[in-house]
Amino acid sequence: MGAFPVPKGMGEFDLYYSEERIYAEANYIIEHRATVREAAKVLHAGKSTVHKDVTARLELLRPALAKQVREILDINKAERHIRGGQATHDKYMQKHQALGEATQQP
């Protein structure tokens, strides 16, 4: 069995699947320096599930791997205000370009 308690009604197959999912999420985040949101989208999981998997559950299974993921998540957290500002800038530039094209047409 795994390193964390198995919830009632969860069989060994479910636990195995959960561990495989946790490792897949962690490896994706490390390989792609991805955010939790990006990993969740690619791996078809919920953001809350991915976050819980790579922060709490992974720590119980493989602390060294959890540390690597934590470093990336901390970088992402520190950079998120920059990504948000860039998204706003891109949005307004696109809107401005669309308005410019509309006024230049005869």
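What comes next concerns the included structure. Computed from a predicted model, the values in this text were never measured in an experiment.

## Overview of the nonpolar core
Next, step 1: One finds Ala26, Ile29, Val50, Val54, Leu58, Val69 and Leu73 to be the most contacted residues of the largest nonpolar core, which totals 18 residues.
Next, step 2: If we ignore the near neighbours within four places in the chain, the residues touching Ile29 are Ala34, Thr35, Ala39, Val50, Val54, Val69, Ile72 and Leu73.

## Comments concerning the side chain of Asn76
Next, step 1: Mapped onto the elements of the fold, Asn76 is located in helix 4 (residues 63–104).
Next, step 2: A residue is classified by how much of its surface remains accessible, and Asn76, at 10% relative accessible area, is buried.
Next, step 3: For Asn76, the side chain forms a polar contact with the main-chain oxygen of Ala34, separated by 3.0 Å.
Next, step 4: Apart from the residues lying within four places of it in its own chain, the contact partners of Asn76 are Arg33, Ala34, Thr35 and Arg83.

## Some remarks on the packing of aromatic side chains
Next, step 1: Summed over all chains, the structure comprises zero aromatic pairs.
Next, step 2: Taking NZ or CZ as reference, Arg62 lies 5.4 Å from the ring centre of Tyr23, over its face.

## As for helix 2 (residues 36–43)
Next, step 1: Among all positions in helix 2, only Val36, Ala39 and Ala40 are buried. Buried positions in helix 2, seen along its axis, are confined to an arc of 100° and lie on one side of it. The outward face of helix 2, more than 90 degrees from its buried face, is lined by the exposed residues Arg37 and Lys41.
Next, step 2: Once helix 2 finishes, His44 follows within two positions and takes phi at roughly 55°, a positive value.

## Here we look at unusual backbone geometry
Next, step 1: For Arg33, which is not glycine, the phi torsion reads 50° and is therefore positive.
Next, step 2: Within the secondary structure, Arg33 sits in the loop between helix 1 (12–32) and helix 2.
Next, step 3: Among the residues examined, Arg33 registers a relative accessible area of 49% and is labelled partly exposed.

## Remarks on the pattern of salt bridges
Next, step 1: Under the counting rule described, the total for this entry stands at four salt bridges.
Next, step 2: Here Arg21 makes a salt bridge to Glu25, at a shortest N to O gap of 3.6 Å. Placement of both Arg21 and Glu25 in helix 1 is noted, with a separation of four residues, approximately one turn of the helix.
Next, step 3: Using a relative accessible area of 1% as the deciding quantity, one classes Glu25 as buried.
Next, step 4: Among the salt bridges present, the one from Asp53 reaches Arg57, with a minimum N-O distance of 2.5 Å. Of this pair, Asp53 and Arg57 both sit in helix 3 (residues 47–61), four residues apart, roughly one helical turn.
Next, step 5: By relative accessible area, which is 0% here, Asp53 ends up buried.

The rules behind each value
Residues numbered from 1 in each chain as written. Predicted model: local features only at pLDDT ≥ 70, side-chain atom pairs only at ≥ 80, totals over all residues. Heavy atoms only, no water. Core = buried A, V, L, I, M, F, W, Y, C linked by side-chain atoms within 4.5 Å. Buried < 20%, exposed > 50% of the residue type's maximum accessible area, 1.4 Å probe, protein only. Contact = heavy atoms within 4.5 Å. Helix = DSSP H or I, 4+ residues; strand = E, 2+ residues; numbered from the N terminus. Polar contact = N/O pair within 3.5 Å; in protein donor to acceptor, adjacent residues only side chain to side chain. Phe/Tyr/Trp six-rings, centres within 6.5 Å; stacked < 30°, edge-to-face > 60°. Lys NZ or Arg CZ within 6 Å of the ring centre and 35° of its normal. Arc of directions from axis to C-beta. Salt bridge = Lys/Arg side-chain N within 4 Å of Asp/Glu carboxyl O.

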